[in-house]
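# Per-entry structural report
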Amino acid sequence: MNTYFVYILSSHSRTLYIPMTNDLERRIPEHKHGLVPGFTAKYNVNRLVYYEEFPDPNEATARERQLKGWRRSKKVALIERFDPGWHDISAGWSSET
């Protein structure tokens, strides 16, 4: 059974990015090392501050769209309920992160 993740990355200045993946432990180091070209590399958005797991890719896609449609204040409230200090919750996952 596959697992899908919707996650929120942040820069130190709290610029947010919300994507989806089926392999969070592979994807986060790619962001951290600037291997994902575009927005995350340009703005150094590489700190995992929130994620959710889904068994179905359609559910994950729907949640990704929902979160992207929220006002920033609602996204911040979600992050702060989960991680009030905006710590990189992927720190310590592996030597890569």
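Residues numbered from 1 in each chain as written. Predicted model: local features only at pLDDT ≥ 70, side-chain atom pairs only at ≥ 80, totals over all residues. Heavy atoms only, no water.

So, about helix 3 (residues 57–69). Helix length check: helix 3, at 13 residues, gives a terminal C-alpha distance of 18 Å against a target of 18 Å (1.5 Å per residue), a fit within 8%. Those residues of helix 3 that are buried lie in contact with strand 1 (4–10), strand 3 (20–21), strand 4 (47–54) and helix 4 (72–82). Capping of helix 3 at its N-terminal end is provided by Asp56; its side-chain oxygen lies 3.0 Å from the backbone amide nitrogen of Asn58. (Helix = DSSP H or I, 4+ residues; strand = E, 2+ residues; numbered from the N terminus. Expected span 1.5 Å × (residues − 1). Contact = heavy atoms within 4.5 Å. Polar contact = N/O pair within 3.5 Å; in protein donor to acceptor, adjacent residues only side chain to side chain.)

Note that predicted coordinates carrying low pLDDT should not be read in detail. Here the protein chain averages 92 in pLDDT, while 96% of its residues score no lower than 70. At the low end of the mean pLDDT range in the protein chain sits helix 2 (residues 39–42), at 90; at the high end sits helix 3, at 98. (pLDDT = per-residue confidence, 0-100.)

This brings us to unusual backbone geometry. With a phi angle near 70°, Arg14 is a residue other than glycine that sits in the positive phi range. When you line up the elements, Arg14 lands in the loop between strand 1 and strand 2 (16–17).

Taken as a whole, helix 4 has its buried residues at Lys75, Val76, Leu78 and Ile79. For helix 4, the angular spread of buried residues about the axis comes to 160°, placing them on one side. Exposed side chains of helix 4 directed beyond 90 degrees from the buried face belong to Ser73 and Arg81. In this structure, the buried side of helix 4 is in contact with strand 1, strand 2, strand 4 and helix 3. (Buried < 20%, exposed > 50% of the residue type's maximum accessible area, 1.4 Å probe, protein only. Arc of directions from axis to C-beta.)

When you line up the elements, Asp83 lands in the segment after helix 4. Lacking a salt bridge, the buried Asp83 has Arg47 as its closest oppositely charged neighbour, with an N-O distance of 6.3 Å. Setting aside residues up to four positions removed in sequence, Asp83 forms contacts with Val49 and Ile89. (Lys, Arg positive; Asp, Glu negative; His and termini not counted. Salt bridge = Lys/Arg side-chain N within 4 Å of Asp/Glu carboxyl O.)

It is possible for side chains of opposite charge to pair when their charged atoms get near one another. Counted according to the given criterion, the structure contains seven salt bridges. Between Arg27 and Glu30 there is a salt bridge, with its nearest N and O atoms 2.8 Å apart. Placement of the pair is Arg27 and Glu30 together in helix 1 (residues 24–32), with a separation of three residues, close to one helical turn. A salt bridge links Lys68 to Glu64, with the shortest nitrogen-to-oxygen separation between them at 3.0 Å. With Lys68 and Glu64 both in helix 3 and four residues apart, the pair spans about one turn of that helix. Take Lys68: its relative accessible area is 46%, and that puts it in the partly exposed class. When salt bridges that share partners are traced, they join Asp23, Arg26, Arg27 and Glu30 into one network.

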